[in-house]
Amino acid sequence: QYQPLTPETLGGRLASIDAVVERIGSDPADWVVREVGDGNLNLVFIVEGPEGTVIVKQALPYVRLVGDSWPLPLYRAFFENHALVRQAERDPGSVPEVHYFDETQALIVMEFLAPHKILRRKLIDGEKVEGLGGFLGRFCARTAFRGSELSMKSPDKKKDVGLFAGNIEIPAITEALVFTDPYHDAEMNHHSDGLDPVVSSLRSDARLKAKVQRLMMKFASNTETMVHGDLHSGSIMSTGTQSRIIDPEFVQYGPMGFDIGMLLANFLMAYFSQPAHREAALLDDYQEWLLSVIAETVNTFEEEFDHLWKTERTGMLYPEALFEGQGHQSEEACADLLAEIWVDALGFCGIEMHRRTLSLAHNADFEDIEDKEVKAALEARNLQMGADLIRNAGTLGSVEELLRLARQVNKK
Ligand code: SR1
Ligand code: MG
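Residues numbered from 1 in each chain as written. Chains lettered and ligands numbered in written order. Predicted model: local features only at pLDDT ≥ 70, side-chain atom pairs only at ≥ 80, totals over all residues.

- If you look the chain up in an unreviewed UniProt entry, it shows as S-methyl-5-thioribose kinase from Roseibium album.
- The chain has a UniProt comment under Sequence similarities (unreviewed entry) that states "Belongs to the methylthioribose kinase family."
- Comment text from UniProt for the chain, heading Subunit (unreviewed entry), reads "Homodimer." (UniProt positions renumbered as here; feature names shortened; annotations may be inferred.)

Here it is, written out as structure tokens:
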């Protein structure tokens, strides 16, 4: 029977698991256990033994951020485990290794990443990470391509879509908190004083809301690839030179532009919140570095996707046999698909920027700003940029145009 762990019970409960004792040592009396979960949903323990350290992540049967008034199925750990396995296959080395999974206890024992820090925290602290955009662009391209019928056999893909369709309540959170709540006066919403005029201009824009609904339709019903589903800067851990993606419990089959759009949003939110975190002398340099990560992510995504298109098209889509002697046509088809992904990504990006300032789950980039007036002013830029992206996704043809818009909004 499921029992949530505590630092006191964890030793006794995990002492008989070979995958744990062979990594950290066999006597729980020698283990040091700390609960370090600061996310919205789960328990997370660092378990340090004489021979090593592991992470133990356990789902709670409710939303931790809200409490037991909002029940949430434990089965999300099952999907997270399956997601980690697929991501490790599709982009080796990009995610922590899973040592052990217990479905009944909704518990995953995995690799302890050290000296990695949550990327959101590093960005707030003004730290740079070498190779970050390249890593993220490759991860998004490889998982998007290799989780689709461009690469997978159709029966395998269908089976997998069927499996992940069992993850019902988790996408429902995104459908409500991300795609719906920011655009009306929903119960769990909250926003900074002073934002009312911007918020009511967003909510009175029916065309914008219709665009958001169209993107929610894609999110809910377009199963073109397996997406991480919650790829924000709190789902990335980095050192100065190396990064990993964590926490894919929001996994589902969805549109190819979703993960990359979420990522762009989180770098843009880091960018717009920087004036509150950096002294003037360092501000420009750091903000420009954030924009360079966006550019590198997008450029690498497109290069890698194009490379996989040319070298790994083993699924039923765009087979070589159809394009014999017409290689350039197939390359145009890839460029067309990338253009579609880009437009979707910009829309998803704008929506994520809105929900982190208006809906239930905000982010530390803005929440850590003590001066409420400064916070609201920077959040207003973030809302403005989000709205520009949703309204004009189809006309921003390149990442350079996106960055130009960000610089403009940042000056307002
Ligand atoms: C109730 S869960 C709130 C948010 O936390 C997760 O990390 C997702 O981003 C979700 O939207
Ligand atoms: Mg998470």
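Still more ground to cover, so stick around.
**Looking at the packing of helix H5 (residues 132-146) against helix H11 (residues 280-311)**
Reasoning step 1: Interhelical geometry of H5 versus H11 gives an angle of 35° and a closest axis separation of 7 Å. Relative to H11, H5 is oriented so that their crossing is right-handed. Contacts between H5 and H11 involve Leu132, Gly133, Gly134, Leu136, Gly137, Arg138, Cys140, Ala141, Arg142, Ala144 and Phe145 from the former and Val293, Ala295, Glu296, Thr297, Val298, Asn299, Thr300, Phe301, Glu304, Phe305 and Leu308 from the latter. (Axes fitted to C-alpha atoms, helices over the stretch in contact; angles between N-to-C directions. Helix = DSSP H or I, 4+ residues; strand = E, 2+ residues; numbered from the N terminus. Left-handed = near helix turned anticlockwise from the far one by under 90°. Contact = placed C-beta atoms within 7 Å.)

**Observations regarding the site of ligand 1**
Reasoning step 1: Lining the immediate environment of ligand 1, one finds Gly39, Asn40, Leu41, Val63, Leu65, Ile173, Thr174, Leu177, Asp230 and Ala361.
Reasoning step 2: Among the elements that make up the shell around ligand 1, the one with the highest residue count is helix H7 (residues 169-177) (three residues).
Reasoning step 3: Partitioning the shell around ligand 1 into residue classes produces six nonpolar, three polar and one charged.
Reasoning step 4: Counting the residues that make up the shell around ligand 1, at least three belong to each of domain 1 (7-111) and domain 2 (117-411). (Near = placed C-beta within 6 Å. Nonpolar A, V, L, I, M, F, W, Y, C, P; charged D, E, K, R; others polar. Domains from an automatic or database assignment.)

**Describing the domain arrangement of the chain**
Reasoning step 1: Along its sequence, the chain is carved into domain 1 (7-111) and domain 2 (117-411).
Reasoning step 2: Its C-alpha centre places domain 1 at a distance of 27 Å from the equivalent point of domain 2.
Reasoning step 3: In this complex, domain 1 contributes 18 residues to the contact, which on the side of domain 2 involves 20 residues.
Reasoning step 4: A class-by-class count of the residues in the side of domain 1 that touches domain 2 yields eight nonpolar, five polar and five charged.

**Thoughts on the sheet that holds strand E11 (residues 243-245)**
Reasoning step 1: Strand order in the open sheet formed by three strands is E8-E10-E11, with antiparallel pairing between adjacent strands. Edge positions in the sheet fall to strand E8 (117-118) and E11, since each of these pairs with one other strand and no more.
Reasoning step 2: One ladder, built from three bridges, connects strand E10 (residues 236-238) with E11; its direction is antiparallel. Across the sheet, Ser238 pairs through a bridge with Ser243, a residue of E11. (Pairing = 2+ DSSP bridges.)

**So, the nonpolar core**
Reasoning step 1: If you look at the biggest cluster of nonpolar residues, it comprises 84 residues, and the most contacted ones within it are Leu264, Phe267, Leu268, Tyr271, Ile294, Ala345 and Cys349.
Reasoning step 2: With 12 residues, helix H10 (residues 258-273) is the largest single contributor of residues to this core.
Reasoning step 3: Looking at this core, you find at least three residues from each of domain 1 (7-111) and domain 2 (117-411).
Reasoning step 4: If we skip the residues at most four places from it in the chain, Phe267 touches Leu290, Val293 and Ile294.
Reasoning step 5: Judged by nonpolar contacts, the second largest core, of 17 residues, contains Leu10, Val20, Leu43 and Leu107. (Core = buried A, V, L, I, M, F, W, Y, C linked by C-beta atoms within 7 Å. Buried ≥ 20, exposed ≤ 12 C-beta atoms within 10 Å, placed from the backbone.)

**A closer look at helix H8 (residues 196-203)**
For an α-helix, 3.6 residues make a turn, and residues three or four places apart therefore share a direction.
Reasoning step 1: If you check which residues of H8 are buried, you get Val198, Val199 and Leu202. Along H8, the residues classed as buried sweep out an arc of 100° about the axis, all on the same side. Those residues of H8 that are exposed and angled more than 90 degrees off the buried face are Asp196, Pro197 and Ser200. (Arc of directions from axis to C-beta.)

**A word on the environment of Leu263**
Reasoning step 1: With respect to the secondary-structure elements, Leu263 resides in helix H10.
Reasoning step 2: Along the sequence, Leu263 and Ser233 sit 30 residues apart, while their C-alpha atoms lie 7.1 Å from each other.
Reasoning step 3: What Leu263 contacts, discounting residues up to four positions off in sequence, is Leu136, Leu231 and Thr297.

**Comments concerning unusual backbone geometry**
Reasoning step 1: Put simply, Ala114 and Pro115 share a cis peptide bond, and its omega is 5°.
Reasoning step 2: Summarising the element assignment, Pro115 is placed in the loop between strand E7 (107-111) and E8.
Reasoning step 3: One non-glycine residue with positive phi stands out, namely Tyr318, at about 50°.
Reasoning step 4: Position of Tyr318 relative to the elements: it lies in the loop between H11 and helix H12 (327-358).

**Brief notes about H7**
Reasoning step 1: Restricting attention to buried positions, one finds in H7 the residues Ile170, Pro171, Thr174 and Leu177. Projected down its long axis, H7 carries its buried residues within an arc of 140°, all on one side.
Reasoning step 2: Of the surrounding secondary structure, the elements contacted by the buried residues of H7 are helix H3 (76-90), helix H9 (206-221), strand E12 (252-254) and H12.

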